[in-house]
Amino acid sequence: MNRFSKEVINVGEMASGALLTVPVYRLKGDSSAPSVYIQANMHGAEVQGNAVVFQLLELLKNISVKGDVTLVPYANPVACNHKNGEYTLGRFDPITGVNWNRMYHFDPSIIKPFVRESIGKDDAIIAANFKQLMIDKIEQKLEHNAFGLTTGQRIAYQLQRLAHQADYVLDLHTGPISSKHLYCPEYAKASAQYFNIPHNILIPNTFDGALDEATFCPWWQLQEAFAELGIKYSISSKALNKESFTVELGSQEQIDLDAALEDAKSILCYLQHKGVIDAAQYQPQIMTRFACYLKDYKAYYSPMGGMVDYLAEFGKPLAAGKPLARILRMDNYGDGDPLHYVSLENEVLPILHFASASVNQGTELYKVFTHFFEL
Ligand SMILES: [Zn+2]
């Protein structure tokens, strides 16, 4: 039976002096095999990933682990404890208002100088040097920043330092009320079929502060910088094969241990494909996997305030003109138009909707795939 280690890291301090801590669980593999870093619950209400990490640890005890596995549940102790009444808020730092998953670091100006000094070196050396460069940059940010860091940056950079050690990174989130979906970099779309996730958003090489981008954009931009010089440097070669995904596990504010077991198995299918584990029983399900490009993943904002009856089912194509939802207006009972149906002019694939029935005009009501296709 495999044993895992636990380390508790300090990611900040509260006003009282109490430490903000995060547990880091590790299974040690062979350093020649690829490694994975998985974290959960960066957004406070998105708790299901904690159950998936639990199930992963249970399953990993009894299978052959080839590469290092690092698992971090409860990655953000501020967000996780950020309650208001019966709800967890925890999507934005309450002090700065910044989304907790937009505080990671990548400075693209490191790429060109690195490429110039790497010409002629072999892939394994380039990969090792580049990984070290990214870790050094994060350590500089953490240890040598004269003007300090925000609470969120301090948490994010410490997690990012762990993530940069690994070849593959999975950041476990959920939607509000949501189907399962995966954010996948465009170059890694072949890997999407190893997860048992029916909806896939293909994202471009643009850094916007999220963990997946902070860990795949550097490698993708490195490859592009080599290509500009006419040097073939393939991100799919073994030494340079780095992938990161944001895995959206379903709805927020829910723990379902049975669903978590299925999601853990889905992650093991991916890890088996990548050679992090050796457990051939984990093979992806045969299913229809839909995808769309990030630019075609659209939010539909409510055209009016009111009380919403969400009608459109997730994952089922919704024909043009069919209702997404109907909105009840209490001020119009008896003498007006109390019920409004809202629809779109094109076929869409509904992925998630707002968590509350009560909405203001302009609330993000649904998110849908447009121009979607089978992967
Ligand atoms: Zn999230």
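This structure is a prediction, so every number in the text was calculated from the model and none was measured. (Residues numbered from 1 in each chain as written. Predicted model: local features only at pLDDT ≥ 70, side-chain atom pairs only at ≥ 80, totals over all residues. Heavy atoms only, no water.)

Caption draft 1: A look at the packing of helix α3 (residues 111-118) against helix α4 (residues 123-143). It is the contact of α3 with α4, at a shortest axis distance of 11 Å, that shows an interaxial angle of 150°. The orientation of α3 with respect to α4, classified from their angle, is roughly antiparallel. When the axes of α3 and α4 are compared, the crossing they make is right-handed. Counting all contacts with α3, which are made through Ile-111, Phe-114 and Ser-118, the residues of α4 involved are Ile-126, Asn-129, Phe-130 and Leu-133. Residues of the contact of α3 with α4, tallied by class, amount to five nonpolar, two polar and no charged. (Axes fitted to C-alpha atoms, helices over the stretch in contact; angles between N-to-C directions. Helix = DSSP H or I, 4+ residues; strand = E, 2+ residues; numbered from the N terminus. Parallel < 35°, antiparallel > 145°, perpendicular 65-115°, else oblique. Left-handed = near helix turned anticlockwise from the far one by under 90°. Contact = heavy atoms within 4.5 Å. Nonpolar A, V, L, I, M, F, W, Y, C, P; charged D, E, K, R; others polar.)

Caption draft 2: Representation of the packing of helix α1 (residues 48-60) against helix α7 (residues 257-274) within the structure. It is at 8 Å that the axes of α1 and α7 come closest, and there the two elements cross at 60°. Of the two possible hands of crossing, α1 and α7 adopt the one that is right-handed. Between α1 and α7, the contacting residues are Gln-48, Ala-51, Val-52, Phe-54, Gln-55, Leu-56, Leu-59 and Leu-60 on the first element and Leu-257, Ala-259, Ala-260, Leu-261, Asp-263, Ala-264, Lys-265, Ile-267 and Leu-268 on the second. For the contact of α1 with α7, a count of residues per class yields 13 nonpolar, two polar and two charged.

Caption draft 3: Representation of the domain arrangement of the chain within the structure. For the chain, the assigned domains are domain 1 (5-287) and domain 2 (296-374). Of note, the centres of domain 1 and domain 2, computed from C-alpha atoms alone, are 32 Å apart. The contact between domain 1 and domain 2 buries some 880 Å² in all, and 75% of this surface belongs to carbon and sulfur atoms. Remark: the boundary between domain 1 and domain 2 carries zero salt bridges. (Domains from an automatic or database assignment. Buried area = accessible area lost by both parts, 1.4 Å probe. Salt bridge = Lys/Arg side-chain N within 4 Å of Asp/Glu carboxyl O.)

Caption draft 4: Looking closely at the sheet that holds strand β21 (residues 364-369). Judged by pairing direction, the sheet is antiparallel, and its four strands sit side by side in the order β9-β19-β21-β15 without closing on themselves. Taken across any chain shown, the strands that pair with only one partner, and hence form the sheet edges, are β9 (177-178) and β15 (297-301). Sheet topology places strand β19 (residues 349-353) next to β21; four bridges connect them, and they run antiparallel. Paired with Pro-350 across the two strands is Val-368, which belongs to β21. (Pairing = 2+ DSSP bridges.)

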